[in-house]
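# Coordinates in review
Spelled out, the chains give:
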Amino acid sequence: MKDGLFSEHFSVNAQGHLALDGLDLVGAAQEFGTPAYVISEDAVRGQCRAYMQAMKDAFGDRFKVSYASKALCAKFIYPIVQSEGLHADVVSGGELYTAMQAGFPASKLHFHGNNKSDDELRQAVDCGIGAVVIDCMDEIGRLNAICGQRRRRIPVLLRIKPGVDAHTHEFISTGHNDCKFGFGIEDGQAYEAARLLRGCEWLDFCGLHCHIGSQVFLKEPFGVAADVMIRLLAELRRDGLDLRELILGGGFGVRYMPEDRPVPVSEMVSYLGDAVRQSCRMYDTPLPEIVVEPGRSIVCTAGVTLYTVGSVKAVPGARTYVAVDGGMPDNPRFALYQAQYDACIANKAAQEKSEIVTIAGKCCESGDLLGRDMHLQPAQRGDVLCVFSTGAYTYSMASNYNRLPRPPVVLVSGGRAQVAVRRESYADLVRNDLL
Ligand SMILES: Cc1ncc(COP(=O)(O)O)c(C=O)c1O
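Residues numbered from 1 in each chain as written. Predicted model: local features only at pLDDT ≥ 70, side-chain atom pairs only at ≥ 80, totals over all residues.

### Overview of the site of the ligand
Of all residues adjacent to the ligand, which total 15 residues, the nearest are Ala68, Ser214, Gly250, Gly295 and Arg296. By residue class, the composition of the shell around the ligand is 4 nonpolar, 8 polar and 3 charged. (Near = placed C-beta within 6 Å. Nonpolar A, V, L, I, M, F, W, Y, C, P; charged D, E, K, R; others polar.)

Right, here's the structure in full:
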């Protein structure tokens, strides 16, 4: 079963069961029930360290690695990333609240969002947010007024569309021009926003931000985006603006399928370092503080989801459906992007993957699949299915569709498992139903 095992964190134990950091995943399914997300703390820490080291090598002491909370947002993640020296970004009042409840320092948070409400802006200013990334014209005046009422000056950055095609799925590519995020350069919007910011007494315009897309496997789009951003940064600096920070976003690709070959973090960041320095030389401007915002690549491959197989249905002339006790409510990525996964029957991990099957969820939707034509060991009712690389954009995207309670998040640290987020109960499902 070696081909499907993604990292040194997985092994097959003496019982022939799949283990994550030494934790028997069949035993975990019995103990915590299914579906359940299981996350390796060591794997998360390993990714944090890889980014911190690579950024130090590339940029010396002037850099930040900011964890993109949206990939996996729950209280337990914040002390982990904080202790590894990361900052974090949030995109809503809810993410901000979660980070604050976890004791994450507000000064190490960036606040994103293309439609921040006044309440969210007040919440950010009142907690002492590190910076707000401004995404639309009217936000400038609204935020300046809120800060003025409190007589508190805060750092802000402008989100820019660098107009880069990141060669990724249309829905997760956010750097091109026809996109709801940020200000365009060609159309003059970025300059207009910069002009407005100059007149804002309570906003310290300190930098620029871009994010070109997600699950990007090429280095070049990041280099092109960095060049566009540094050209703009240099131009605005020549106009007298003191821009000190450049956030180049996240989006670094990860391995979902055995054949995926993402660029290693050290290689990607080293490339970025060369590209940034070259552009700074070309536009004759000092190196700003460089920030990256990885989300998926911090948590994705650190996590698996465990399910119990409920039925195996061979449809003559079509395909074999292996149905599990979760589906699109705990992982909507197949329904959204036709995302593919690799999986394994955890209690048959030592066996060959001799079948090709489609994994179906239990919802009333034909599109409720977790993957089509996947290689798998022969499945039968009662087996424990483990879907790999599900640490990112699963729990954080989960819903209660068909009134399925959200699964727990189990954190494995040094072979010991703890429930980090409790499974929702049926009582939780009706808690807010008033009539
Ligand atoms: C502004 C911003 N930064 C960072 C990220 C994180 O991207 P990823 O999880 O692919 O690294 C996103 C994802 O959508 C984003 O919108």
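### Concerning the domain arrangement of the protein
Along its sequence, the protein is carved into domain 1 (2-33 + 302-430) and domain 2 (42-299). For domain 1 versus domain 2, the distance between C-alpha centres works out to 32 Å. With 24 residues of domain 1 at the interface, the matching set in domain 2 holds 21 residues. For the side of domain 1 that touches domain 2, the secondary structure elements donating two or more residues are helix H11 (333-337), strand E20 (409-413) and strand E21 (416-421). Here the residues of the side of domain 1 that touches domain 2 sort into 13 nonpolar, 8 polar and 3 charged. (Domains from an automatic or database assignment. Contact = placed C-beta atoms within 7 Å. Helix = DSSP H or I, 4+ residues; strand = E, 2+ residues; numbered from the N terminus.)

### Concerning the pairing of strand E8 (residues 131-134)
In summary, the side chains of a regular strand alternate between the two faces of the sheet. Burial along E8 is two-sided: Ala131 and Val133 facing one way and Val132 and Ile134 facing the other are all buried. Bridge count between strand E7 (residues 109-111) and E8: 2 bridges; the pairing is parallel. If you follow His110 over to E8, its bridge partner there is Ala131. Viewed along the sheet, the connection from E7 through helix H5 (residues 118-127) into E8 turns out right-handed. Across 3 bridges, E8 lies against strand E9 (residues 154-161) in parallel orientation. (Buried ≥ 20, exposed ≤ 12 C-beta atoms within 10 Å, placed from the backbone. Pairing = 2+ DSSP bridges. Right-handed = clockwise from strand over helix to strand, strands pointing away.)

### Let's talk about the pairing of E21
As paired strands, E20 and E21 are joined by 5 bridges and run antiparallel to one another. By the bridge assignment, Val409 is partnered in E21 with Val421. The hairpin turn running from E20 into E21, its antiparallel successor, is 2 residues long, and Gly414 in that turn takes a positive phi close to 55°.

### Structural notes on the nonpolar core
In terms of nonpolar packing, the biggest core is built from 136 residues, with Leu25 and Cys386 touching the most fellow members. The element that contributes the greatest number of residues to this core is helix H8 (residues 220-238), accounting for 10 residues. Both domains that furnish three or more residues to this core are identified here as domain 1 (2-33 + 302-430) and domain 2 (42-299). Setting aside residues up to four positions removed in sequence, Cys386 forms contacts with Leu18, Leu25, Val304, Leu306, Ala343, Cys344 and Ala346. (Core = buried A, V, L, I, M, F, W, Y, C linked by C-beta atoms within 7 Å.)

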